[in-house]
Amino acid sequence: MSEAERVVLDALSAAAGGHAVLAGAEDIVDGVCAAVVAAPGTTAEAAAVLRVAAEHGLAVVGRGTGTKLGWGAPPSRADVIIDTGRLNRVLDHGAGDLIVQVEAGVRLDTLRERLAPAGQRLALDPLLPPGTVPGAVGGPVSGGPASDPASGPASGPVSGTVGGTIATAVSGPLRLSHGAVRDLLIGVTMVRADGVVAKAGGKVVKNVAGYDLSKLLTGSWGTLGLITEAVFRLHPLPALARWVTVPLDPAASASAHELVQRVLHSQMVPTALELDWRHGETARLAVLVEGIPEGVSGRVEVLLDLFGESAEVAETAPEWWGHAPWGAGDVAVRLTHEIAGLPKLLDAVEGLARRHGLRVAVRGSAGVGLMYAAVPGDADPGAVAAMVGALRAEASAWSGDVVVLDGPPAVKAAVEMWGPVRGLGLMRRVKDQFDPEHRLAPGRFAGGI
């Protein structure tokens, strides 16, 4: 280590309260090796770390538990990883106001367990990592990571963090009834690239001051600022939940669409509606209904009449519910669509997969126009790129977008991850305002932002 590098490390360590170390072999952001990992424990320490980074012109990438660290395009550089593992406190739970204020490193499973005794929940259920089941994700459930987060990311399947969920705006089944991340986020604290702390929103649901900043940071992939705290609106836990699942013919996309439409336009008010669609296998449509026992019972009967004799009722979610369709190392694709465009999307995926010799699994929230697709990681990169390109060329037919979230390096080299992006010029101007030197997660987002 040179003297200049030692000076930088010492400055970062002092800023992070002694929690900064040289990066190890595991401290890689999508193939890009970092030099230092800093783990601030407060917003003030995070601001100090970013001031040091600004002084030395260092590129910074935020990291929670690392479940989505490989998503998006690889950064052009990642000098410093800011690990949020020490930002793991629930700062305030206003049960009477149905709000919670948390630090960005709080894991979603930890928060769920913290809120449950009060009969409340944060209605965020982003995709579970491969190999996990609802309510049983790995790792500690109180106090954050078991070891110093500066020593490396958590190992094994773990829950994502609040900060990572906001940054990627990923959502799961509950989005149908409770809204997306941006709808539940009512306040945020962030640190700008120059180390200045900014706050927006408030700690009551009716306070909408600065609401646009919260929206702006949602889905920004860490390119506009480091989120350190967030305030969310909460919802009561339901007294009862039931899942009704019906098998479908995977060759009959129109029938699946008709069932989805009938559920959405009925008066039974589903909490969530998910579709699991795999080539050559039985497809499945599952509907979650929640509420008081009498109401749930009545709505279940309506669904059974709607779905027919093949439908089944369960007290627990199907094993695939809320899970990404991909496994480790697979190609992960996000597909958006108008609700009415679902059959066109499914038919296009099916037809193009056959044409290019690929196996594709599709799963997601058909009721809100958000589906996820998976292609095996050993698929030919050229075939994957051709299929993605063809899907994008046809996407206007279902009024959606096709984004490759993750994949093996060969696939990422062969395909443009984000594809055509509406409003890219405006996004670049916003980036220039927030991060004029382009040091925050440079290159990870659309258009190389």
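For clarity, every value in this text was computed on a predicted model and none was experimentally measured. (Residues numbered from 1 in each chain as written. Predicted model: local features only at pLDDT ≥ 70, side-chain atom pairs only at ≥ 80, totals over all residues. Heavy atoms only, no water.)

**So, the overall build of the protein chain**
- Along its length, the protein chain carries 13 helices and 21 strands.
- Relative to the globule expectation of 22 Å for 449 residues, the C-alpha radius of gyration of the protein chain, 22 Å, shows essentially globular dimensions.
- In terms of overall dimensions, the protein chain has C-alpha extents of about 75 × 55 × 35 Å along its principal axes.
- Per-residue burial over the protein chain gives 53% buried out of 449 residues.
- Nonlocal contacts in the protein chain, meaning residues at least 24 apart in sequence, comprise 73% of its contacts between residues at least 6 apart. (Helix = DSSP H or I, 4+ residues; strand = E, 2+ residues; numbered from the N terminus. Rg over C-alpha atoms; globule rule 2.2 N^0.38 Å. Buried < 20%, exposed > 50% of the residue type's maximum accessible area, 1.4 Å probe, protein only. Contact = heavy atoms within 4.5 Å.)

**A closer look at helix H11 (residues 381-394)**
- Here H11 contains 14 residues, and its C-alpha end-to-end distance of 20 Å stays within 8% of the 20 Å for a straight helix at 1.5 Å per residue.
- Listed as buried for H11 are Ala383, Val384, Ala385, Met387, Val388, Ala390, Leu391 and Arg392.
- Where H11 is buried, its residues touch strand E18 (331-336), helix H10 (342-355), strand E20 (370-375), strand E21 (402-406) and helix H12 (409-414). (Expected span 1.5 Å × (residues − 1).)

**Observations regarding the packing of aromatic side chains**
- In the structure shown here, the tally under the stated rule is seven aromatic pairs.
- Relative to Trp321, the ring of Trp320 lies with its centre 6.3 Å away and its plane at 50 degrees, an arrangement referred to as tilted.
- Taking relative accessible area as the criterion, Trp320 reaches 2% and is therefore assigned buried.
- Summarising the aromatic geometry, the rings of Trp418 and Phe445 are spaced 4.9 Å apart at their centres and angled 85 degrees between planes, so their arrangement reads as edge-to-face. Here the residue Trp418 occupies a position in the loop between H12 and helix H13 (424-434), and Phe445 occupies one in the segment after H13, the gap between them amounting to 27 residues.
- Cluster of aromatic residues (ring-pair linked, three or more members): Trp71, Trp221, Trp326, Tyr372, Trp418 and Phe445. (Phe/Tyr/Trp six-rings, centres within 6.5 Å; stacked < 30°, edge-to-face > 60°.)

**Some points on the sheet that holds strand E12 (residues 226-233)**
- Pairing is antiparallel in the open sheet, where five strands are placed in the order E7-E8-E12-E10-E11. The sheet terminates laterally at strand E7 (90-94) and strand E11 (197-201), the two strands that pair on one side only. Direction aside, the axes of adjacent strands within the sheet are offset by 10 degrees on average.
- The pairing of strand E10 (residues 185-191) with E12 spans six bridges and is antiparallel. Each bridged residue has a counterpart across the sheet, and for Gly187 the counterpart in E12 is Val231. (Pairing = 2+ DSSP bridges. Axes fitted to C-alpha atoms, helices over the stretch in contact; angles between N-to-C directions.)

**Here we look at the nonpolar core**
- Within the largest apolar cluster, 71 residues are counted, with the highest numbers of intra-cluster contacts made by Leu248, Leu275, Leu285, Leu303, Phe307, Trp326 and Val360.
- Apart from residues lying up to four places away in sequence, Val360 is in contact with Trp277, Arg278, His279, Val349, Ala353, Ala373, Ala374, Val375 and Met387.
- One finds Val90, Val106, Leu108 and Leu174 within the second-largest nonpolar core, a separate group that totals 34 residues. (Core = buried A, V, L, I, M, F, W, Y, C linked by side-chain atoms within 4.5 Å.)

**Here's the deal with the side chain of Asp83**
- Within the element layout of this structure, Asp83 appears in strand E6 (residues 80-83).
- We classify Asp83 as buried; its relative accessible area is 2%.
- A polar contact is formed between the side chain of Asp83 and the side chain of Arg63, at a distance of 2.7 Å.
- Within the structure, the side chain of Asp83 is placed 2.7 Å from the backbone nitrogen of Gly85, a separation counted as a polar contact. (Polar contact = N/O pair within 3.5 Å; in protein donor to acceptor, adjacent residues only side chain to side chain.)

**Section: the confidence of the model for the protein chain**
- Mean pLDDT for the protein chain: 91, with 91% of residues reaching 70 or above.
- Scored below 50 in pLDDT, residues 205-211 shows 15 contacts in the model against residues more than four places distant or in partner chains. (pLDDT = per-residue confidence, 0-100.)

**What about the packing of helix H1 (residues 3-15) against helix H2 (residues 43-56)?**
- Across the interface, H1 lies against H2 with an axial gap of 8 Å and an inter-helix angle of 160 degrees. Judged by the inter-axis angle, H1 sits roughly antiparallel to H2. As H1 runs across H2, the sense of the crossing is right-handed. Contacts between H1 and H2 involve Val8, Ala11, Leu12 and Ala15 from the first element and Glu45, Ala48, Val49, Val52 and His56 from the second. (Parallel < 35°, antiparallel > 145°, perpendicular 65-115°, else oblique. Left-handed = near helix turned anticlockwise from the far one by under 90°.)

**Overview of the environment of Val300**
- Relative to the helices and strands, Val300 is located in helix H9 (residues 293-307).
- Each C-alpha atom of the pair Val300 and Gly62 lies 44 Å from the other, and the pair is 238 residues apart in sequence.

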